[in-house]
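These are the residues of each chain, in order.
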Amino acid sequence: QVTLSIFELASAAGITCEVDPALVNVLTGSKTDGSSPEEDYKVACLLLVFVAVSLPLLASDPASVYQCYNNNIHCLAKAIIHVSAALFTVHNKNIETHLKEFLL
């Protein structure tokens, strides 16, 4: 929680951070009512499994080429990193360990 507060201050000052505090706050506020933290964590892990399974399909799609103005496929890696970092911050998990597991 202290680290997240520091990230919020740094982000307000315009400094880039490892974890986007605004995204963490949105994800924290969007937890479903009545679900356990373990269930929310499993859903976060399943989201990364879905992304991992989808990557080969996106890579083989002819429309998935780097074209700055026609699609945003070049932003996918950065989006995966930011969303997974925020998800695992919400669940108090080690971001680096989970991203290494994702790459495996």
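Residues numbered from 1 in each chain as written. Predicted model: local features only at pLDDT ≥ 70, side-chain atom pairs only at ≥ 80, totals over all residues. Heavy atoms only, no water.

## Examining the confidence of the model for the protein chain
For step 1, the next point in the chain: This prediction gives the protein chain a mean pLDDT of 80; 87% of its residues lie at or above 70.
For step 2, the next point in the chain: Across the protein chain, element-level confidence peaks in helix 3 (residues 37–60) with a mean pLDDT of 86 and bottoms out in helix 1 (residues 2–12) with 74. (pLDDT = per-residue confidence, 0-100. Helix = DSSP H or I, 4+ residues; strand = E, 2+ residues; numbered from the N terminus.)

## A closer look at the packing of helix 2 (residues 21–29) against helix 4 (residues 76–90)
For step 1, the next point in the chain: At a minimum axis distance of 9 Å, the contact between helix 2 and helix 4 shows a crossing angle of 55 degrees. When the axes of helix 2 and helix 4 are compared, the pair comes out oblique. You can see that helix 2 and helix 4 cross each other, and the crossing is right-handed. Across the interface between the two elements, Leu23, Val24, Leu27 and Thr28 of helix 2 pack against His82, Val83, Ala86, Leu87, Thr89 and Val90 of helix 4. (Axes fitted to C-alpha atoms, helices over the stretch in contact; angles between N-to-C directions. Parallel < 35°, antiparallel > 145°, perpendicular 65-115°, else oblique. Left-handed = near helix turned anticlockwise from the far one by under 90°. Contact = heavy atoms within 4.5 Å.)

## Structural notes on a nonpolar patch on the surface
For step 1, the next point in the chain: On the surface, Leu46, Val49 and Val53 cluster together into a nonpolar patch covering about 280 Å² of accessible area.
For step 2, the next point in the chain: For valine 53, the location among the structural elements is in helix 3. (Patch = residues over 30% accessible without salt bridge, like charges linked within 9 Å, V, L, I, M, F, W, Y side chains within 5 Å. Areas by Shrake-Rupley, 256 points an atom, 1.4 Å probe, with all protein chains shown as cover. Salt bridge = Lys/Arg side-chain N within 4 Å of Asp/Glu carboxyl O.)

## Focus on the packing of helix 3 against helix 4
For step 1, the next point in the chain: Where helix 3 meets helix 4, the closest approach of the two axes is 10 Å, and the angle between their N-to-C directions is 170 degrees. Between helix 3 and helix 4, the angle falls in the class roughly antiparallel. The segment helix 3 lies against helix 4, with Tyr41, Ala44, Cys45, Leu47, Leu48, Val51, Leu55 and Leu58 engaging Leu76, Ile80, Val83, Ser84, Leu87 and Phe88.
For step 2, the next point in the chain: Counted by class, the contact of helix 3 with helix 4 contains 13 nonpolar, 1 polar and no charged residues. (Nonpolar A, V, L, I, M, F, W, Y, C, P; charged D, E, K, R; others polar.)

## Regarding helix 5 (residues 95–103)
For step 1, the next point in the chain: Within the span of helix 5, buried status applies to His98, Leu99 and Phe102. Summarising the axial view, the buried residues of helix 5 lie within an arc of 100 degrees, below the 170-degree limit, and thus occupy one face. What points out from helix 5, more than 90 degrees from its buried face, is the exposed set Glu96, Lys100, Glu101 and Leu103. (Buried < 20%, exposed > 50% of the residue type's maximum accessible area, 1.4 Å probe, protein only. Arc of directions from axis to C-beta.)

## Some points on the pattern of salt bridges
For step 1, the next point in the chain: Taken as a whole, this structure holds 1 salt bridge when the rule is applied.
For step 2, the next point in the chain: The residue lysine 100 makes a salt bridge to glutamate 96 at a minimum N-O spacing of 3.2 Å. Within this pair, lysine 100 and its partner glutamate 96 are both found in helix 5, separated by 4 residues, close to a single helical turn. As far as the burial class goes, lysine 100 and glutamate 96 line up, both exposed.

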